[in-house]
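# Overview (structure and organization)
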Amino acid sequence: MNNKNFITITLTGCGRVAEHYKFVFKNLNSRKFKIVGVSDLSTDKAISFSKHFSCPHYTDIKNMLRIEKPDLNIILTPSSSHYPLSKISLNLNCNTITEKPISMNFVEAEKLKILAKKKRLMFGCVFQNRFNPAIKLLKEKYNNGSFGKIITTAVRLRWCRTQDYYNDEWHGTWYHDGGVINQQAIHHLDVLNWINGPVTEVSSFSTNILNKLEAEDTAVSIFKFKNKSIGTFEATTSARPYDHEASLTILFEKGIFEIGGIALNKILRFEMFNSKSNFTLLKKKFSENVKTGYGKGHIPYYENVIKNLLNKSIKSPININDSIYTTRLVHALYYSIENKISCKLSDNKISKYLGKNKYKDG
């Protein structure tokens, strides 16, 4: 990295999530960055984004990175391309951040971790819900022992994705994406594992209710955690006619904490047993209004990225091992579904479908 007082950034991928990045970059407190290039296989999409950011457009990531030599490359492409594009980006000596998942399987992700360490580059994955004020408060209260032991956890993801969402070339396919578990619920898996993990064993069931796709649109799972607590995890994209909730309820030894909204963005219940304290002000202070399931967590995430890179630090906002563990958890859930058995995370099982091309892999 050079000695500028700002960092240069390129965006690889100009699709659905990239639209949210227009909001993210507009609302960053730090202005110490400059978008110097965007790339997409679609020339029209690349041109559109280049006009928005007033920068050059490309249809080839290698050309963009070789010409622009950015301090940071952000990958916003379909899930199946995260591994090959991250590999290209790191090999061209770019600090690299990718949207979730870090890769379609944890074996590939480990290879990227090793490559980034060898190159002495930042490499990270975006799980923005960790930066929600409500989630941060919950994490803090649990870590300092305010609530005591966790008894049970319950996650509910009830979002709406209509059939047109799955009618493109990649959403809901095993090779490019997976279903609700790997596409939507992976964010909530990450939060749950971050607060109460590690998850040690899962038992899961899935089905398709309203949507037609290769993978699942609905799943329900039971979790066991290392701390001996247990939990349930419910996720669907068959909610109609809009996103209803993304919520987390934890019953503690000394209280109960419930976060809801459509993006884990609002504290619905904050109660400590045998306490006369009124938590109304805390609930208001640490809740926020959001327009979409993306929430607002990308903003503090990238504030952290920019700050670290300016300070010559390659530490990513979320530990790379956590991101890899979340992908291991995804595969354990799919393995449980495919084999109709519970699955221990320590067994490192890999789904026979997720990330596999049925035409090439059999």
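Source: prediction; values computed, not measured.

### Here's the deal with helix H9 (residues 186-196)
At 3.6 residues per turn, the α-helix brings residues three or four places apart onto the same side. Within H9, 10 of the 11 residues are buried, leaving the element largely enclosed by the surrounding structure. The set of residues buried in H9 consists of Ile186, His187, His188, Leu189, Asp190, Val191, Leu192, Asn193, Ile195 and Asn196.

### Here we look at the pairing of strand E7 (residues 150-158)
Note: E7 against strand E11 (residues 245-252), eight bridges, orientation antiparallel. Across the sheet, Thr152 pairs through a bridge with Leu251, a residue of E11. Of the strand pairs in this sheet, E7 and strand E10 (residues 230-236) are connected by seven bridges, and their pairing is parallel. Bridged to Ala154 within E10 is Thr232.

### Topic: helix H11 (residues 298-310)
With 13 residues, H11 should cover 18 Å at 1.5 Å per step; its first-to-last C-alpha distance of 18 Å lies within 8% of that length. If you check which residues of H11 are buried, you get His298, Ile299, Tyr301, Tyr302, Glu303, Val305, Ile306, Asn308 and Leu309. Tucked inside the fold, the buried residues of H11 contact strand E1 (7-12), helix H1 (16-27), strand E2 (33-39), strand E4 (72-75), strand E5 (95-99) and strand E6 (123-126). The positive-phi residue at the C-terminal boundary of H11 is Lys312, with phi of around 65 degrees.

### Remarks on unusual backbone geometry
The linkage connecting Lys100 with the following residue, Pro101, adopts the cis geometry, with an omega of -10 degrees. The amide bond that connects Arg240 to the next residue, Pro241, takes the cis arrangement and shows omega of 0 degrees. Positive phi is not limited to glycine here, since Asn93 has a value of about 65 degrees. Mapped onto the elements of the fold, Asn93 is located in the loop between helix H4 (82-91) and E5. Not every positive phi belongs to a glycine, and Lys312 is a case in point at roughly 65 degrees. Along the polypeptide, Lys312 turns up in the loop between H11 and helix H12 (320-339).

### Topic: the sheet that holds E1
Strands sit in the order E3-E2-E1-E4-E5-E6 across an open sheet of six strands; the sheet is parallel. The sheet is open, and its two edges are formed by strand E3 (57-58) and E6, each paired on a single side. Alignment of E1 against E2, held across six bridges, turns out to be parallel. When the bridges of E2 are listed, Leu11 appears paired with Val38.

### Details of the pattern of salt bridges
This model, assessed by the stated rule, comprises 11 salt bridges. With a closest N to O distance of 2.8 Å, Arg158 and Glu234 form a salt bridge. Of this pair, Arg158 sits in strand E7 while Glu234 sits in strand E10, and the two are 76 residues apart along the sequence. For Glu234, a relative accessible area of 25% gives the class partly exposed. Linking Arg269 and Glu271 is a salt bridge whose minimum nitrogen-to-oxygen distance equals 3.0 Å.

Calculation criteria
- Residues numbered from 1 in each chain as written.
- Predicted model: local features only at pLDDT ≥ 70, side-chain atom pairs only at ≥ 80, totals over all residues.
- Heavy atoms only, no water.
- Buried < 20%, exposed > 50% of the residue type's maximum accessible area, 1.4 Å probe, protein only.
- Helix = DSSP H or I, 4+ residues; strand = E, 2+ residues; numbered from the N terminus.
- Pairing = 2+ DSSP bridges.
- Expected span 1.5 Å × (residues − 1).
- Contact = heavy atoms within 4.5 Å.
- Salt bridge = Lys/Arg side-chain N within 4 Å of Asp/Glu carboxyl O.

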